[in-house]
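# Per-entry structural report
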Amino acid sequence: MFGLTALAAGVALSNPPRFELAAPLPTIPSVMLDTYANGVGLAIQTARSMNLQARILWIDATANIDRYNTESKIKALVAKIKDVGFNTIVFDVKPISGQVVYPSKIAPKLREWRGQTLPEDFDPLGPMVREAHADGLSLFVSLNAFSEGHQLFQVGPGYERKDWQTVLYDTEPIIEDGSGAKFPLAAKLNVPEADKIEVCTDVGKAPRAEAGAFAVTLRKTGEVVDGFEGGGLGANVPTLPKGGVILYGPPGEAADFLRLHGAPGRPLQFDTLPVFVPIGERPKSQIPLMVNPNSPEVQAYELSIAREVVKNYDVDGILYDDRLRYAGLSADFSEVTRKQFEHELGKSLKWPDDVFKLTLNPDLTRGVRPGQYYDQWMAFRAATLSGFVSKVRQIVREERPTTQVGLYVGSWYGEYPALGNNYAAPDTEAGFWFLTPKYRKTGLAGMLDFLISGCYYTTATIYDAMGKNTPIGATIEGAGMLSNRLARDETWTYCGISLEDFRDNPNGLKDALQAACGSTEGVMVFDLSHNIEPMWPVFKQAFLQPRTAPHAAAGVLMDVRRRRAHLDALGQRLPPVILTAGSAGTGQ
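Described in the following lines is the structure provided in the data block. (Residues numbered from 1 in each chain as written. Predicted model: local features only at pLDDT ≥ 70, side-chain atom pairs only at ≥ 80, totals over all residues. Heavy atoms only, no water.)

What follows concerns the overall build of the protein chain. Within the protein chain, the regular secondary structure consists of 15 helices and 23 strands. Against the globule reference of 25 Å for 588 residues, the protein chain gives a C-alpha radius of gyration of 27 Å, in line with a compact fold. Evaluated residue by residue, the protein chain yields a buried proportion of 57% over its 588 residues. Within the protein chain, contacts between residues separated by at least 24 positions form 73% of all contacts whose residues are at least 6 apart in sequence. Here the protein chain displays about 23,600 Å² of accessible surface, and carbon together with sulfur accounts for 53% of that area. (Helix = DSSP H or I, 4+ residues; strand = E, 2+ residues; numbered from the N terminus. Rg over C-alpha atoms; globule rule 2.2 N^0.38 Å. Buried < 20%, exposed > 50% of the residue type's maximum accessible area, 1.4 Å probe, protein only. Contact = heavy atoms within 4.5 Å. Areas by Shrake-Rupley, 256 points an atom, 1.4 Å probe, with all protein chains shown as cover.)

Right, here's the structure in full:
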């Protein structure tokens, strides 16, 4: 796959070593790559045989305003990017704030961010397209599809349209006795709340004795051990059962509930009551103000922005950033989404329990109890997002047929069902528990011209990880390999790396570049703002030999897809996907 060194020396090997030195970027030092698991599939083999390799630099909209807020800056920046060997630029024109950098008739314009200003009458997208094409570079624009606000700065159109905001399934913690009697619990361990029962796991942090208070101790199985008037603290300190808790009721209704329902030997159960809230009322849940992908109004708005960009600018493609997703497993639970799902099933539901119920453990952590229609719900959400991408492709065909569509995602596919984005190919066969036949069919890789996965790890190769005794999936190479296999020759796959991970470490950056280009068909570097100046020479050395990006090679991807379909029809299947588990949240 990379050329075995022993064979190059004329030595025949019946059992070649698994790890060998390889240099997909031949002008920087080689790294040890996994020659068994790498290079699987027609896409990566074709790219190598044709010397195709993506070299992409990402320009974040908000962090880089001072670098692109005049034409002269754009001209110099693009010339620099070209000079060091990149062949593609991704220019973020709609960040998570929902604002845009160009003059739009639809979305508000980004004018300022943390002291950086973008003049009201200046459109940076026009000059960026012009200069990129003049220097022979591809120019893709990045859009954040379902984020319409920034919750740290409270800006964005999603705040004006509260009905667009995604609705989260949240909970109120309660304790109940099994017969229907229930009482609210304080939200945090060892932290009292007025008129609520406090859950204590540390006697030292339990409330002091107080007239009228009452406490009970619970075994980890939920049975009451004993009760204590006054909270039991002071002369008569409760003994905390191993794995159990103390329930402390302050004077009043909370104490009365425990006196009545907390007799020794009786069970008390931790449970939740569902609460449905717009994400704007949970600003600490995540930074993007996510909107509802199931809302027809939201979809129409996001599609209108895609149409506006493609119609008015000669961009080579649009690339959706990682907000083409739901806000998490607890979204979206709006009435709009409920009615759509019930219509699909043809029946009314016990909501949300028929989908899933958020449960409560004695340590106040939450679990998920799948309902009767859990699998259908997961596939329904994934189908919604695949359907949106299909609509984007239709718009592109109508407005500018040669424009491409790409997608950026986090590299650990195992957590993406919670986000609703099935970026794999629909024929992918892998050992993930959530890959039901219906969920597999929602795979959207075949609608993409390329997929970038955020392999934001500091360890470059599997070989290095084994030497450090760290997980092999938490490597750039391991993550890139998995992304390539999930795409299954339906689209080009590029490995994203974070420049910040290699600050003051140029040799580490070189290894990262090799691992990215060795496990996929190219590399995306995020971001221009991440102290890139000391690393320009690294890129110039690494990219000394020019390469055409696979997405810029007309007709090649269609040929790869055709050949894969032919091999599948002949029964020549790909080898099993090797699962290398990554770290949650990586690249998101």
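Once the structure has been displayed, the description carries forward.
Between W351 and P352 the backbone carries a cis peptide bond, its omega angle lying at 5 degrees. With respect to the helices and strands, the residue P352 is situated in the loop between helix 8 (335-345) and strand 18 (356-360). In this model, F526 is joined to D527 through a cis peptide bond whose omega is 15 degrees. Following the sequence through the fold, D527 ends up in the loop between strand 23 (522-526) and helix 14 (536-542). A positive phi angle is found at R114, which is not glycine, with a value near 50 degrees. By the secondary structure assignment, R114 is in the loop between strand 5 (112-113) and strand 6 (116-117). Positive phi values are uncommon outside glycine, yet R488 reaches one of about 50 degrees.

The next point concerns helix 6 (residues 253-261). Taken residue by residue, helix 6 has A254, A255, F257, L258 and H261 as its buried positions. For helix 6, the angular spread of buried residues about the axis comes to 160 degrees, placing them on one side. Exposed residues lying more than 90 degrees from the buried face of helix 6 are E253 and L260. Against strand 9 (167-176), strand 10 (182-184), strand 12 (214-218) and strand 14 (245-249) lie the buried residues of helix 6. (Arc of directions from axis to C-beta.)

A word on a nonpolar patch on the surface. A contiguous nonpolar patch, built from L152, F153 and I287 and spanning about 280 Å² of accessible area, is present on the exposed surface. The residue L152 is located in the loop between strand 8 (147-150) and strand 9 in this model. (Patch = residues over 30% accessible without salt bridge, like charges linked within 9 Å, V, L, I, M, F, W, Y side chains within 5 Å. Salt bridge = Lys/Arg side-chain N within 4 Å of Asp/Glu carboxyl O.)

Among the residues of helix 2 (residues 42-49), those classed as buried are L42, A43, I44, T46 and A47. Where the residues of helix 2 are buried, they touch helix 12 (476-487), strand 22 (492-498), helix 13 (506-519) and helix 15 (556-569). Count one or two residues on from helix 2 and you reach N51, which has phi positive near 55 degrees.

Strand order in the open sheet formed by 4 strands is 11-14-12-13, and the pairing between neighbours is antiparallel. Looking at which strands have only one partner, the edges of the open sheet turn out to be strand 11 (198-200) and strand 13 (224-229). If you compare each strand with its neighbour and ignore which way they point, the axes differ by 20 degrees on average. Bridge analysis of strand 12 against strand 14 gives 5 bridges, and the strand direction is antiparallel. Considered in strand 14, the bridge of V216 is made with L247. (Pairing = 2+ DSSP bridges. Axes fitted to C-alpha atoms, helices over the stretch in contact; angles between N-to-C directions.)

The interhelical angle for the contact between helix 2 and helix 15, taken along N-to-C directions, is 135 degrees, at an axis separation of 10 Å. Judged on the interaxial angle alone, helix 15 and helix 2 are oblique. Crossing angle aside, the handedness with which helix 2 passes helix 15 is right-handed. Residue-level inspection shows L42, A43 and T46 of helix 2 in contact with helix 15, the latter providing V556, V560, R563, R564 and L567. Looking at the contact of helix 2 with helix 15 residue by residue, the classes come out as 5 nonpolar, 1 polar and 2 charged. (Parallel < 35°, antiparallel > 145°, perpendicular 65-115°, else oblique. Left-handed = near helix turned anticlockwise from the far one by under 90°. Nonpolar A, V, L, I, M, F, W, Y, C, P; charged D, E, K, R; others polar.)

With respect to the helices and strands, the residue Q45 is situated in helix 2. Looking at Q45, the relative accessible area reads 40%, which means it is partly exposed. What Q45 contacts, discounting residues up to four positions off in sequence, is G39 and V40.

Glancing now at the nonpolar core. One finds Y68, L513 and F539 to be the most contacted residues of the largest nonpolar core, which totals 122 residues. Per-element tally for this core: the top contributor is helix 9 (residues 374-399), with 11 residues. Apart from residues no more than four positions distant in its own chain, L513 is found in contact with L25, I497, V523, V525, V538, F539, A542 and F543. Of all hydrophobic cores here, the second largest spans 22 residues; its members include I56, W58, L319 and A553. (Core = buried A, V, L, I, M, F, W, Y, C linked by side-chain atoms within 4.5 Å.)

Per the stated rule, a full pass over the model turns up 38 aromatic pairs. Summarising the aromatic geometry, the rings of Y416 and Y423 are spaced 5.2 Å apart at their centres and angled 80 degrees between planes, so their arrangement reads as edge-to-face. The burial state of Y416 is the same as that of Y423; both residues are buried. (Phe/Tyr/Trp six-rings, centres within 6.5 Å; stacked < 30°, edge-to-face > 60°.)

Another point: the sheet that holds strand 4 (residues 88-94). Taken together, 8 strands build a closed barrel; the order of strands is 3-4-7-17-20-21-22-23 and the barrel is parallel. Pairs of neighbouring strands in the sheet enclose a mean axial angle of 25 degrees, with direction left out of account.

What follows deals with the pairing of strand 14. For a regular strand, side chains alternate in direction, first toward one face of the sheet and then toward the other. Where burial is concerned, most of strand 14 is hidden: 5 out of the 5 residues are buried. Taking every second residue as pointing to the same face, both faces of strand 14 are buried, with V245, L247 and G249 on one and I246 and Y248 on the other.

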